[in-house]
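What follows is each chain in one-letter form.
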Amino acid sequence: MRESVVQAEVMMSFVVSEELSFRIPVELRYETCDPYAVRLTFHLPGDAPVTWAFGRELLIDGVGRPCGDGDVHIAPSDSEGFGDVLIRLQVGVDQALFRCGTAPLLAFLDRTDRLVPLGQERSLADFDTHLDEALDRILAEEQSAG
């Protein structure tokens, strides 16, 4: 049976200010049933895990150059792109900044590309059915959280 999920856990720094940050585990997840998206689940101390879903291509692009509109912005921390990656998540006026090493993100993205090569997402059998199921699941999660 062909693998349908790529999962990894990485440590990221939750940047509170220039002077204060702390490391937290973050689960990265990619599923063939939703081949355009990646999910990051942040495990903040004392809080329930928080999952964000956004485009895999956004994460790929953000490793090498600043990108993102709206609630998710991703950029390398330096101009050479060999250091860390900054992930800024925003809801209204509230925002959170996370810093992650480039290498673990690239390793995760490489595994997703081996499972479903970038640009081949549409070729998955029964994609529309899986997309509808994924959207229903996301909406249900949002409604239960709200």
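Quick notes on the rules
- Residues numbered from 1 in each chain as written.
- Predicted model: local features only at pLDDT ≥ 70, side-chain atom pairs only at ≥ 80, totals over all residues.
- Heavy atoms only, no water.
- Pairing = 2+ DSSP bridges.
- Helix = DSSP H or I, 4+ residues; strand = E, 2+ residues; numbered from the N terminus.
- Core = buried A, V, L, I, M, F, W, Y, C linked by side-chain atoms within 4.5 Å.
- Buried < 20%, exposed > 50% of the residue type's maximum accessible area, 1.4 Å probe, protein only.
- Contact = heavy atoms within 4.5 Å.
- pLDDT = per-residue confidence, 0-100.
- Axes fitted to C-alpha atoms, helices over the stretch in contact; angles between N-to-C directions.
- Parallel < 35°, antiparallel > 145°, perpendicular 65-115°, else oblique.
- Left-handed = near helix turned anticlockwise from the far one by under 90°.
- Nonpolar A, V, L, I, M, F, W, Y, C, P; charged D, E, K, R; others polar.
- Arc of directions from axis to C-beta.
- Salt bridge = Lys/Arg side-chain N within 4 Å of Asp/Glu carboxyl O.

1. So, the pairing of strand β6 (residues 84-91)
Alright, step 1. In the sheet, strand β5 (residues 72-76) pairs with β6 via 5 bridges, with the strands oriented antiparallel. Note that in β6 the partner of P76 across the bridge is V85.
Alright, step 2. In terms of strand pairing, β6 meets strand β7 (residues 94-101) through 8 bridges, oriented antiparallel. By the bridge assignment for β7, V91 is matched with D94.

2. Points about the nonpolar core
Alright, step 1. Ranked by internal contacts, the top residues of the largest apolar core, which has 30 residues, are M12, L40, F42 and F98.
Alright, step 2. Not counting the four nearest positions on each side in its chain, M12 is found in contact with F22, R23, I24, V26, L28, L40, F42, I87, F98, R99 and C100.

3. Description of the confidence of the model for the protein chain
Alright, step 1. Per-residue confidence for the protein chain gives a mean pLDDT of 88, with 90% of residues at or over 70.
Alright, step 2. The spread of mean pLDDT over the elements of the protein chain runs between helix α3 (residues 127-145), the lowest at 75, and strand β3 (residues 37-42), the highest at 96.

4. Here's the deal with the packing of helix α1 (residues 56-64) against helix α2 (residues 102-115)
Helix packing geometry: the angle between the two helix axes and the distance between the axes.
Alright, step 1. Where α1 contacts α2, the axes come no closer than 11 Å and their chain directions differ by 140 degrees. By the angle class used here, α1 and α2 are oblique. Like other packed secondary-structure pairs, α1 and α2 cross with a definite hand, here left-handed. Mapping the contact onto sequence places R56, L59, I60 and V63 in α1 and T102, L105, L106, L109, T112 and D113 in α2.
Alright, step 2. Of the residues that constitute the contact of α1 with α2, the class distribution is 6 nonpolar, 2 polar and 2 charged.

5. Structural notes on α1
Alright, step 1. When we look at burial in α1, the residues that qualify are R56, L59, G62 and V63. For α1, the buried positions fall inside an angular range of 130 degrees around the axis, keeping them on one side.
Alright, step 2. Each element contacted by the buried residues of α1 is listed here: β2 (21-31), β3, β4 (50-55), β5, β6 and α2.

6. Regarding the environment of L118
Alright, step 1. If you trace the backbone, L118 turns up in the loop between α2 and α3.
Alright, step 2. Taking the C-alpha atoms as reference, L118 lies 7.9 Å from E57; in sequence the two are 61 residues apart.
Alright, step 3. Discounting residues that sit within four places of it in the chain, L118 has contacts with R56, I60 and D113.

7. Structural notes on the pattern of salt bridges
Where charged atoms of side chains with opposite charge meet at close range, the side chains can pair.
Alright, step 1. A complete count under the given rule lists 6 salt bridges for this structure.
Alright, step 2. As a salt-bridge pair, D84 and R99 come within 3.6 Å of each other at their nearest N and O atoms. Placement of the pair is D84 in strand β6 and R99 in strand β7, with a sequence separation of 15 residues.
Alright, step 3. For R99, a relative accessible area of 32% translates into the label partly exposed.
Alright, step 4. Note that D110 and R114 form a salt bridge whose closest N and O atoms lie 2.9 Å from each other. Within this pair, D110 and its partner R114 are both found in helix α2, separated by 4 residues, close to a single helical turn.
Alright, step 5. Here D110 falls in the partly exposed class, since its relative accessible area comes to 39%.
Alright, step 6. Here R114 falls in the exposed class, since its relative accessible area comes to 58%.

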